[in-house]
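Topology and contacts: notes
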Amino acid sequence: MISNQILQETIDGIHAITKVDFIVMDVDGRVLAKTMEDSPANYEDAVVAFAESPAESQSLLGYQFFKVNDDKQIEYVIMAAGDTDTTYMVGRMASFQIQSLLVAYKERSDKDNFIKNLLLDNLLLVDIYNRAKKLHIDTEVKRCVYIIETKTEKDTNALETVRNMFSSSANDFVTAVDEKNIILVKEVKNSETYVELEQAANVIVDMLNTEAMSSVHVAYGTIVNEIKEVSRSYKEAKMALDVGKIFYSDKNIIAYNNLGIGRLIYQLPIPLCRMFIKEIFDGKSPDDFDEETITTINKFFENNLNVSETSRQLYIHRNTLVYRLDKIQKATNLDLRVFDDAITFKIALMVVKYMKYMETLDF
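Notes on the structure follow.

Parameters at a glance
- Numbers given to residues run from 1 along each chain, matching the order in which its sequence is written.
- For a predicted model such as this one, the threshold for reporting local features is a pLDDT of at least 70, and the threshold for listing and counting side-chain atom pairs is 80 or more; totals across whole chains, interfaces and linings nevertheless cover every residue.
- Side-chain numbers here rest on the full set of heavy atoms in the structure, without hydrogens or water.
- Helix and strand assignments come from DSSP, with helices taken as H or I runs of at least 4 residues and strands as E runs of at least 2, each series counted from the N terminus.
- Taken over C-alpha atoms, the radius of gyration is set against a globule rule of 2.2 Å times the number of residues to the power 0.38.
- Exposed residues in this analysis have more than 50% of their type's maximum accessible area, buried residues have under 20%, and partly exposed residues fall in between, with area computed by a 1.4 Å probe over protein chains only.
- Here, residues are in contact when the closest pair of their heavy atoms is within 4.5 Å.
- When two rings of Phe, Tyr or Trp (its six-membered ring) have centres within 6.5 Å they constitute a pair, described as stacked for plane angles under 30 degrees, edge-to-face for angles over 60, and tilted for the intermediate range.
- Note on criteria: charge over ring means Lys NZ or Arg CZ within 6 Å of the ring centre, with the direction from the centre no more than 35 degrees off the ring normal.
- Think of each axis as a best-fit line through the C-alpha atoms, taken over the contacting stretch in the case of a helix, with angles from 0 to 180 degrees between the N-to-C directions.
- When describing relative orientation, an angle under 35 degrees is termed roughly parallel and one over 145 degrees roughly antiparallel, while 65 to 115 degrees is termed roughly perpendicular and anything else oblique.
- In this scheme the crossing of two helices becomes right-handed for a clockwise turn of the near helix relative to the far one and left-handed for an anticlockwise turn of less than a right angle.
- Think of a nonpolar core as a cluster: buried Ala, Val, Leu, Ile, Met, Phe, Trp, Tyr and Cys residues, connected wherever their side-chain atoms sit within 4.5 Å.
- Counted as a polar contact is a pair of N or O atoms within 3.5 Å, where, for protein atoms, one must be capable of donating a hydrogen and the other of accepting one, and residues adjacent in sequence contribute only when both atoms are in side chains.
- Put simply, the grid is 1 Å and covers the protein atoms alone, a cavity is a trapped set of points that fit a 1.4 Å probe, a pocket is an open set with protein on both sides within 12 Å along at least five of seven lines, and lining residues have an atom within 4 Å of a point.
- Grid points are joined across faces, edges and corners, and a volume is the space filled by probe spheres set on the points.
- Pairing between strands is defined by DSSP: at least two bridges between them are needed.

To continue, consider the overall build of the protein. Scanning the protein for helices and strands turns up 13 helices and ten strands. Against the globule reference of 21 Å for 363 residues, the protein gives a C-alpha radius of gyration of 30 Å, more extended than a compact globule. Counting only C-alpha atoms and orienting by the principal axes, one finds that the protein spans roughly 95 × 45 × 40 Å. Residue burial in the protein is summarised as follows: out of 363 residues, 44% are buried. In the protein, the share of contacts with a sequence separation of at least 24, taken over all contacts with a separation of at least 6, comes to 59%.

Moving on, we get to the side chain of Asn181. As for its placement among the helices and strands, Asn181 is situated in strand β8 (residues 181-187). Given the relative accessible area of 13%, Asn181 is considered buried. With sequence-adjacent residues up to four places away left out, Asn181 is seen in contact with Ile147, Ile148, Glu149, Thr175, Ala176 and Leu241.

With that settled, the discussion passes to the packing of aromatic side chains. Within the structure shown, the criterion is met by seven aromatic pairs. On the basis of an interplanar angle of 65 degrees and a centroid distance of 6.1 Å, the ring pair of Tyr266 and Tyr354 is categorised as edge-to-face. Residue Tyr266 is found in helix α8 (residues 261-266), and its partner Tyr354 is found in helix α13 (residues 339-362); the two are separated by 88 residues along the sequence. Ring pairs connect the aromatic residues Phe281, Phe289 and Phe345, which therefore count as one cluster. Sitting over the face of the ring of Phe50, Lys67 holds its NZ or CZ atom 5.2 Å from the ring centroid.

What follows deals with helix α5 (residues 156-165). Along an α-helix, a turn takes 3.6 residues, which lines up residues three or four apart on a common side. When we look at burial in α5, the residues that qualify are Ala158, Leu159, Thr161, Val162 and Arg163. Check the buried side of α5 and you find it contacts α3 (85-119), β6 (143-150), β7 (173-176), β8 and α6 (194-210).

Turning our eyes to something else, we now look at the packing of α3 against helix α4 (residues 125-134). Orientation of α3 relative to α4, taken along the N-to-C sense of each, is 160 degrees, at an axis distance of 11 Å. In terms of orientation, α3 lies roughly antiparallel with respect to α4. In terms of crossing hand, the pair formed by α3 and α4 is left-handed. Contacts between α3 and α4 pair Asp110, Phe114, Asn117 and Leu118 from the former with Ile128, Arg131 and Ala132 from the latter.

Let us now look at the nonpolar core. Of all hydrophobic cores here, the largest spans 56 residues; its most connected members are Phe114 and Phe345. Considering every element that reaches this core, the biggest residue donor is α13, with ten residues. Excluding residues within four positions of it along the chain, Phe345 makes contact with Phe281, Pro286, Phe289, Ile297, Phe301, Ile328, Thr332, Leu334 and Leu336. Judged by nonpolar contacts, the second largest core, of 22 residues, contains Cys144, Val162, Val174 and Ala201.

So, on to the side chain of Thr35. Checked against the element boundaries, Thr35 lands in the loop between β2 (31-34) and α2 (44-52). Taking relative accessible area as the criterion, Thr35 reaches 17% and is therefore assigned buried. Among the polar contacts listed, one links the side chain of Thr35 to the side chain of Asp21, at a separation of 2.8 Å. Side-chain polar atoms of Thr35 contact the backbone nitrogen of Phe22, separated by 2.8 Å. With sequence-adjacent residues up to four places away left out, Thr35 is seen in contact with Ile11, Asp12, His15, Val20, Asp21 and Phe22.

In this structure, the largest pocket spans a volume of roughly 550 Å³. Lining the largest pocket are 20 residues, and of these Asn298, Phe301, Lys346, Leu349 and Met350 lie nearest its centre. Listed by contribution, the elements that provide at least two residues to the lining of the largest pocket are α10 (291-302) and α13. No other element matches the ten residues that α13 contributes to the lining of the largest pocket.

All right, on to unusual backbone geometry then. Excluding glycine, residues mostly have negative phi values, and the peptide bonds linking residues are mostly trans. Within the chain, Lys19 stands out as a residue other than glycine whose phi angle is a positive 65 degrees. For Lys19, the location among the structural elements is in the loop between α1 (4-18) and β1 (22-25). Accessibility expressed as a relative area gives 62% for Lys19, which makes it exposed. Non-glycine residue Asp121 carries a positive phi angle of around 60 degrees. Under the relative-accessibility criterion, Asp121 is labelled partly exposed at 42%.

Reading across the sheet, the five strands line up as β2-β1-β5-β4-β3 and stay open at both edges, with antiparallel pairing between neighbours. Whereas interior strands pair on both sides, the edge strands pair on one side only; in this sheet they are β2 and β3 (57-60). Across this sheet, the average inter-strand angle for adjacent strands is 20 degrees, counted without regard to direction. In terms of strand pairing, β3 meets strand β4 (residues 63-70) through four bridges, oriented antiparallel. By the bridge assignment for β4, Gln58 is matched with Phe65. The sheet strands contacting α1 are β1, β2 and β5 (73-81), and the helix crosses β2 at an angle near 35 degrees. Where α2 meets the sheet, it contacts β1, β3, β4 and β5, and its direction lies at approximately 50 degrees from that of β4.

Shown next as structure tokens:
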């Protein structure tokens, strides 16, 4: 079904060229779009009678009536003001234009449903290739799936902005599988690498901030070579979005390839995580330290265990930093100046973050 806005824009354009006034009605005689100020009175019964008749066009009381069908079923009735041959010709052109729009929108809807089912693994392998062939979708193109999460549900401005950004390529598809996430299945040229994918993600974020006034998070999966693998890239992007919320909350763009150890931790069962924390810290949590100590630990890790650089950035004496590290060692039996101990502590911090995130989902 075409929106009333599209119908209005279509007849406005034809009216501007031909100066012929139009009214578009549904089969029950309700006005959907018009180019004149006042609608003619008592035309509902005439429209209903025409819709039920076998005629494809009819001249009545100063108007030309035309049917617009969708799969042999009448969808709209167009009334063109005037009973001349010119009016008839223009009316036929208008009905043909709207008929073409119906076909285009139906094909877009069919493609949209196909992409949704493809992403959600709802299609058999043979169905994927058969339906792709019918819909004229190239199956051998390289693609990558982006998930664009908006802050508000049903952000139609953001959805339309993304669609406009990628409308030029027949192999790019934009859809939505839930209320908050916009899905972009993007064609990847043979010359493009993950550098270009990151650049595309930055363009999406900047454009949505500017055009749609929408703050978003973007995650994307790996490049796949065939259409049957698109669902894998989607699952990767989905994992990247979730892992990014836990471990990289300061970033608004997350790539599956850059998740690092966070990807492994995300797949651990919670009982195993609890067991790990208990064994390493004897039931305590590594984030139980005060804010000053936590800041010291994070800065120490950021500077690759470099004592001098960390103390400089924290504006503290080197000995003060050493004292804090000694204090942490006494509390945990882990010396963060030793690489193995630092790795254990870093992983423990990430595990605790993951556990807390999962607890919030339970509520």
